[in-house]
Amino acid sequence: MTQPVVGSRALRKEDVRLVSGRGQYTDDIQIPGMLFAVMLRSPHAHARIVHVDTSDALRMPGVVKIYTGQDLKAVLPPVPTAWIPPDSDLKMVEHPVLAYERVRYVGDGVAMVVADSREAAEDALEAIRVEYEPLPAVYDQRQAIGEDAPQLHEDAPNNVALHWTVGTETEDTFRTAEVVVRQSFRQQRLIPNPMEPRSAAAHYNPATGEMTVWVTSQNPHIHRVLMSGLLGIPEHKLRIVSTDVGGGFGSKIACYPDEVLVAVAARDLDRPVKWTESRSEHFLATTHGRDHVDEVELAGTKDGRVLAVRVKAYANMGAYLSTAGPGVPTILFGLIVNGAYDIPQASSDVYGIFTNTTPVDAYRGAGRPEATYLIERIMDSYAAAIGMDPVELRRKNLIRKDQFPYTNPFGLSYDSGDYHAALDRGLAMLDYEGIRREQAALRSQGKYIGVGFSTYVEMCGLGPSQVAGAVGFQGGLWESAMVRVHPGGKVTVFTGASPHGQGEETTFAQIVSGRLGIPLEDIEVVHGDTHRIAMGWGTYGSRTTAVGGGALALAAERVIAKAKAIAAHMLEIPDEAVQFDDGRFHPEGRDDRTVTFAEVALQAYLAWNLPSGVEPGLEASAFYDPTNFTYPFGTHIAVVSVDTETGEVRLLRYIAVDDCGPAINPMIVEGQIHGGIVQGVGQALYEGALYDEDAQLVTGSFLDYTMPKARFFPEIELDHTVTPSPHNPLGVKGVGETGTIASTPAVVNAVMDALAPLGIGDLSMPLTPPKVWAAIQAAKNLKGGQAS
Amino acid sequence: MIPAPFRYTRAATVDEAMQVLQQDSDAKVLAGGHSLLPMMKLRLARPSHLVDVTRIPELSTLKMSSDVVVVGAAVRYAVLSQSRIAEVMPLLTEAVRLIADPQVRHRGTVGGSAAHADPASDLAAVFLATDALFVVASPRGIRRIPAAEWYVAPMVTALAGDEMLVRVEFPQPQPARQTYLKFAHPASGYALAGVAAMLDIQEGMIQHVRLAVTGAGAMPFRARSAEQLLAGRPLAAVRFEEAADAGAKDGEYLSDAQYSEEYRRNLACVMMRRALEKLAAE
Ligand SMILES: Cc1cc2nc3c(=O)[nH]c(=O)nc-3n(C[C@H](O)[C@H](O)[C@H](O)COP(=O)(O)OP(=O)(O)OC[C@H]3O[C@@H](n4cnc5c(N)ncnc54)[C@H](O)[C@@H]3O)c2cc1C
């Protein structure tokens, strides 16, 4: 092999299947005799269920059975949460699979119709008559903890779901600091919208007691753990399959009532049952992201040294606790609000609050975008307050290369980095001085452009398990891998990670190819099936390559070690004298006698002549627990123009310099960064769920909810620095979320920079044309008023 | 996601289509289906019977002569945008190319857009600016409805229940300078303000000004106040900003959760001014 395969831009193996329409997504599952389920969802944000009358619906053609909350409450336990942050006083309120007494958000499940066809099921849905007694509803978290707010759960007084504090003492510093900057940021609610909606299909075999559930999951083994408990089916009889999943962005981590219900019906009716949400349902009944109000304070010196930062956060949890929901605004947020800066003191004070809205859970970045946003935004405000250039301020406070490993005020140990190098690279690509000159020239013509920075760091590669336990995650965070060499020398890889679009069928094959010296096409990567993979924890938190890839590297090394022993025996030389490269074993320093990897594999299975003490077969597994998180970082720069007549913001340039350690496949890394940036810019400029007075979602479709579109973007300019992480064998850092984490504040900082001469200090996201325009009008009126 | 049950008939002639409409008052014409089917899937519309008119040859007419351009009701946007009509009415093809995406343009029809009467339909501005005539068939025969009378209310036209639209006639000639400018809703891509503008400049004088606005207002409208301020005036002496301001007052605006009345009026004004500036600079 001439070109090393690790680090090459290998085309994605999975794309042949996925782009030619041959993927097998959950909704593609067809089983003879299959029934279809649809869910009746509450049209009210908060109401008492007086009566559910299914009699007419049951008489409709094709209807097999209708389940209501009353039917199920005695037989099914409530849906649990799986993240219980310690010392947070978490209120584990009941989340019934179907509401039986009260509905708590628009979209809350009320009944499930099972019928011969989807058409029949939907027709019957309309014939169910539910009598509701509407109750006052609240969607805003700060109103929800206020006086006289409607109460959602009896065991969560004042709607407080959790209260969690962490960090150092800061009071003295704030009292004595030369400069204190205070700002309140709103993290609007986002709706994930992966391309594939959620879906579940279940098949039960009463003869064996085996239940198979195909489900759109990012973590089928976590689904197995949770559903095993809910259904009372032991893990060895419960198979969860999530092979082809069309994106998740966090929204497919959770175990939802819907998939449990489908399995219940399949067992009850002894027929396969399938359910697939519509896009309208997705807007209402799939978890949402973000939704914080963050009150931030920064203390610093007049010459730009940050001394302390603290935040009081109000996080909207929605109506119930979703699977990972409680961990997002606490652990994944509160521990990293100092960002990439060397700030001696910091603290976070977080309230999680129930409201009459769709439950909130992880959404690409999960907690870290919120943390990054507040620090990157307030750094700009601090720079403005002391009259310092925002780049200079960052340069002064960024953690220096010689400070790693760096312990932040919350005790996190940042692994490695050269933050200044990434900043310098970004500035060089930008031509910072040139842009400032252009900006000044345009301003004199009444035109406004702005440049914004985000010098971010994130913690990801979720693991190790000890930390998982310490932070209340009800699972492990190690990962498993098994490398199975077949007698012909081809390889199947089994991973407990569960990629759903990220491309690990390719990158994992590259890792193995690079180690075993066999071509990519000889390696198949299997994921997302609990019967084929013993155990694992799935894909989220940018952990797959750092943790799952780490496991894979170890397993491959174990295979090589065994193969070496067999090869030595075949070559009749001592084990230590064997050299293995490019898929061939030979005596060290000589290649006149070689055995190939395939020959060794065959020998391992024939076992005619194995060294003594060596078992037949050639496969190895590894359960790898990393020593710590990884900390990718970088500098993102946005250049925007603002059309003051329409309020429209246009992205003129976008520069991203990221460091995720050595890239296994730069093309895939770039794809992740592109997608991440687009999603982050989506939050900055376009996306945002809006509710009306009655807590009805008004942005319930793509007509009103703005997804970022390709035409909104210039060519994204990318570069990288490479600082390996010492925390895993590959030295890699996660890259699935960096774009989303970094880009949101970069773009908002750029818009604020553009608008600064008009005297506009802050605007809440998304920075839509009408919002920007209204702010410009208000600023003009104010100026006009002052002038007269 | 799934429409309520309905019957389907593919009509071969206008008469056959009309028969179905007459027999069943809950029947509806189906053209490209890109407005009707989404509503049926959400069960906001539940016609008992769909009459597909897209295979009626008469409805696919495209004809040009010196005094009229005729576009059949079932002519699809994609066909129109590639036709020679661009030579005589660039406004129409420019507008059509800004509708949605290629998929929608390959299904959506001129007649469907007119009959659906979405207040943000791009073609509404073109119909109004060009004083198009809607040729309508019913058991009582044929009648022509001028664009100014066509749009009755949002999603409501002057079409009676048993009538169908056969074709649209655009009188010719129209003013020589024509353009359609659109500020698209970032979510839906529909017009938040779409401006159809036409004028002639003869010996430095502005003549035959036509301005119509879609999307911004509660209804698409003709900005006659702006037209009056400009027509017959020397180009050097007019202030487009003032005209646009006056024209924007001809519309009625409503606020929604994201776009206020003020913002919509402002957009109408800005887009009109820009369209006029563009035409003047040609
Ligand atoms: C994703 C998307 C984006 C879109 N974006 C835009 C956009 O940017 N700008 C824009 O202008 N439009 C847009 N549209 C709407 C599109 O232009 C529609 O196709 C059009 O409005 C309706 O045309 P149709 O042929 O699809 O009509 P249909 O959906 O078939 O019918 C619409 C209505 O008109 C009636 N009808 C149709 N033909 C006749 C007839 N000959 N006589 C009597 N009644 C008739 C039907 O009964 C129905 O009530 C978009 C649609 C979609 C799905």
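Student: Requested: an account of the overall build of chain A, with residues and values cited.
Tutor: The secondary structure content of chain A amounts to 21 helices and 28 strands. Taken over the C-alpha atoms alone, chain A extends approximately 100 × 75 × 45 Å along its principal axes. Each of the 788 residues in chain A was classed as buried or not, and the buried ones make up 64%. When the 66 basic and 96 acidic side-chain charges of chain A are each reduced to a single mean position, those positions are 2 Å apart.

Student: So, the overall build of chain B: which residues are in play, and what are the values?
Tutor: Helix and strand content of chain B: 12 helices and 14 strands. A globule of 282 residues ought to have a C-alpha radius of gyration of about 19 Å, and chain B, at 19 Å, matches this closely. C-alpha extents for chain B along the principal axes are approximately 60 × 45 × 35 Å. By the burial criterion, 54% of the 282 residues in chain B qualify as buried. Sequence-distant contacts, at least 24 apart, represent 61% of the contacts inside chain B between residues at least 6 apart. In the structure as shown, chain B presents an accessible area of about 12000 Å², 51% of it carried by carbon and sulfur atoms.

Student: So what's going on with the interface of chain A and chain B? Residues and values would help.
Tutor: On the side of chain B, 23 residues touch chain A, which itself brings 24 residues to the contact. Carbon and sulfur atoms supply 56% of the area that chain A and chain B bury against each other, a total of about 2100 Å² over both sides. For the chain A face of the interface with chain B, the top three residues by lost area are A:Glu645, A:Pro770 and A:Trp773, together amounting to 24%. Counting every contact that joins chain A to chain B gives 6 salt bridges. Between A:Glu645 and B:Arg273 there is a salt bridge whose closest N-O contact spans 2.6 Å. Viewed at the interface, chain B and chain A are joined by 13 residue pairs in polar contact (both at pLDDT 80 or more). Mapped by element, the contributors of at least two residues to the side of chain A that touches chain B are helix 4 (118-127) and helix 21 (769-787) of chain A.

Student: Tell me about unusual backbone geometry, residues and numbers included.
Tutor: Between A:Met765 and A:Pro766 the backbone carries a cis peptide bond, its omega angle lying at -5°. The topology assignment puts A:Pro766 in the loop between helix 20 (738-755) and helix 21. A cis geometry characterises the amide bond from B:Gln172 onward to B:Pro173, with omega recorded as -5°. Relative to the elements of secondary structure, B:Pro173 occurs in the loop between strand 10 (164-171) and strand 11 (177-184). For A:Asp89, which is not glycine, the phi torsion reads 55° and is therefore positive. Note that A:Asp89 resides in the loop between helix 3 (69-72) and strand 4 (102-103). With relative accessibility at 55%, the residue A:Asp89 sits in the exposed group.

Student: Can you break down the packing of helix 11 (residues 368-386) of chain A against helix 12 (residues 390-397) of chain A residue by residue, with the values?
Tutor: All names here are of chain A. Running from N to C, helix 11 and helix 12 point in directions that differ by 115°, and their axes come no closer than 9 Å. By the angle between their axes, helix 11 is roughly perpendicular relative to helix 12. In the packing of helix 11 onto helix 12, the handedness of the crossing is right-handed. Along its contact with helix 11, which presents Glu-376, Met-379, Asp-380, Tyr-382, Ala-383 and Ile-386, the element helix 12 presents Pro-390, Leu-393, Arg-394 and Asn-397. The class makeup of the residues in the contact of helix 11 with helix 12 is 6 nonpolar, 1 polar and 3 charged.

Student: Outline the sheet that holds strand 26 (residues 633-642) of chain A, supporting the account with residue identities and numerical values.
Tutor: Residues and elements named next belong to chain A. Spatially, the 4 strands line up as an open sheet ordered 18-26-27-28, and their pairing is mixed. Strands at the two margins of the open sheet, each flanked by one partner only, are strand 18 (448-457) and strand 28 (716-720). Going across the sheet, the axis of each strand differs from the next one's by a mean of 15°, ignoring polarity. As judged from the 10 bridges shared by strand 26 and strand 27 (residues 649-659), these two strands associate in the antiparallel manner. Of the residues in strand 27, the one forming a bridge with Ala-638 is Tyr-654.

Student: Go over the domain arrangement of chain B, please, and point to the residues and values.
Tutor: With domains assigned, chain B is organised as domain 1 (7-52), domain 2 (57-171) and domain 3 (177-281). Here domain 1 of chain B and domain 3 of chain B have C-alpha centroids that lie 35 Å from each other.

Student: Can you break down helix 1 (residues 14-23) of chain B residue by residue, with the values?
Tutor: Residues and elements named next belong to chain B. Taken residue by residue, helix 1 has Val-14, Ala-17, Met-18, Val-20 and Leu-21 as its buried positions. Taken down its axis, helix 1 places every buried residue within 155° of arc, on the same side. Relative to its buried face, helix 1 has exposed residues pointing more than 90 degrees away, namely Asp-15, Gln-22 and Gln-23. Structurally, helix 1 contributes buried residues whose contacts are with strand 1 (7-10), strand 2 (27-30), strand 3 (49-52), strand 6 (133-138) and strand 10.

Student: Explain the pattern of salt bridges to me, using residue names and the numbers behind them.
Tutor: Residue and element names in this part refer to chain A. Enumeration according to the criterion identifies 66 salt bridges over all chains in this entry. The salt bridge partner of Arg-12 is Asp-15, with a shortest N-O separation of 2.9 Å. Asp-15 sits in the partly exposed class, given a relative accessible area of 23%. Put simply, Asp-418 and Lys-401 hold a salt bridge, and the shortest N to O gap is 3.9 Å. Note that Asp-418 is positioned in the loop between strand 17 (413-414) and helix 13 (419-430) and Lys-401 in the loop between helix 12 and strand 16 (406-407), a separation of 17 residues in sequence. Beyond isolated ion pairs, a larger network of salt bridges with shared partners links Arg-41, Arg-198, Asp-258, Glu-259, Glu-277 and Glu-281.

Student: Quick rundown of the site of the ligand? Include the residues and the values.
Tutor: Residues and elements named next belong to chain B. Around the ligand, a shell composed of 28 residues is seen, among which Val-29, Gly-33, Tyr-77, Thr-109 and Asp-122 lie nearest. Leu-36 places a main-chain nitrogen or oxygen 2.7 Å from an oxygen atom of the ligand. Within the contact set of the ligand, an oxygen atom lies 3.3 Å away from a backbone nitrogen or oxygen of Gly-189. Contact with the protein chains covers 90% of the free accessible surface of the ligand, which is 960 Å². Broken down by element, the residue count for the shell around the ligand peaks at 4 residues, all from helix 7 (residues 110-116). For the shell around the ligand, a count of residues per class yields 14 nonpolar, 11 polar and 3 charged.

Student: Talk me through the confidence of the model for chain B; I want residue IDs and the actual numbers.
Tutor: One rule of thumb: low pLDDT means the predicted coordinates there are not for detailed reading. Of the residues in chain B, 100% reach a pLDDT of 70 or more, and the chain-wide mean stands at 97. Predicted complex metrics record ipTM = 0.96 and pTM = 0.97.

Student: Could you give an account of the domain arrangement of chain A, naming the residues involved and the relevant values?
Tutor: Quoted interface sizes are often the accessible area lost when the parts come together. Residue and element names in this part refer to chain A. Considered domain by domain, chain A is made up of domain 1 (398-405 + 412-460 + 628-787) and domain 2 (463-624). Taken over C-alpha atoms, the centre of domain 1 sits 39 Å from the centre of domain 2. Each side of the interface is counted separately: domain 1 has 18 residues, and domain 2 has 18 residues. Carbon and sulfur atoms make up 64% of the area that domain 1 and domain 2 hide from each other, which totals about 1300 Å². When the buried surface of domain 1 facing domain 2 is broken down by residue, Ile-664, Pro-729 and Leu-730 rank first, second and third, together holding 37% of it. Summed over the shared surface of domain 1 and domain 2, the result is 0 salt bridges. Here domain 1 and domain 2 share 5 residue pairs in polar contact (both at pLDDT 80 or more) between them. Residue classes in the side of domain 1 that touches domain 2 are distributed as 8 nonpolar, 8 polar and 2 charged.

Student: Give me the pairing of strand 28 of chain A: which residues, what numbers.
Tutor: All names here are of chain A. Relative to strand 28, strand 27 runs parallel, the two sharing 5 bridges. When the sheet's bridge partners are listed, Tyr-654 is paired in strand 28 with Ile-716. Note on the crossover from strand 27 through helix 19 (residues 666-686) to strand 28: the handedness is right-handed.

Student: Break down a positive patch on the surface for me, with residues and values.
Tutor: There is a patch of like positive charges on the surface, built from B:Arg10, B:Arg55, B:Arg76 and B:Arg107. Along the chain, B:Arg55 falls in the loop between strand 3 and strand 4 (62-64).

Calculation notes
Residues numbered from 1 in each chain as written. Chains lettered and ligands numbered in written order. Predicted model: local features only at pLDDT ≥ 70, side-chain atom pairs only at ≥ 80, totals over all residues. Heavy atoms only, no water. Helix = DSSP H or I, 4+ residues; strand = E, 2+ residues; numbered from the N terminus. Buried < 20%, exposed > 50% of the residue type's maximum accessible area, 1.4 Å probe, protein only. Lys, Arg positive; Asp, Glu negative; His and termini not counted. Charge placed at Lys NZ, Arg CZ, Asp CG, Glu CD. Rg over C-alpha atoms; globule rule 2.2 N^0.38 Å. Contact = heavy atoms within 4.5 Å. Areas by Shrake-Rupley, 256 points an atom, 1.4 Å probe, with all protein chains shown as cover. Buried area = accessible area lost by both parts, 1.4 Å probe. Salt bridge = Lys/Arg side-chain N within 4 Å of Asp/Glu carboxyl O. Polar contact = N/O pair within 3.5 Å; in protein donor to acceptor, adjacent residues only side chain to side chain. Axes fitted to C-alpha atoms, helices over the stretch in contact; angles between N-to-C directions. Parallel < 35°, antiparallel > 145°, perpendicular 65-115°, else oblique. Left-handed = near helix turned anticlockwise from the far one by under 90°. Nonpolar A, V, L, I, M, F, W, Y, C, P; charged D, E, K, R; others polar. Pairing = 2+ DSSP bridges. Domains from an automatic or database assignment. Arc of directions from axis to C-beta. Near = heavy atom within 4 Å. pLDDT = per-residue confidence, 0-100. Right-handed = clockwise from strand over helix to strand, strands pointing away. Patch = residues over 30% accessible without salt bridge, like charges linked within 9 Å, V, L, I, M, F, W, Y side chains within 5 Å.

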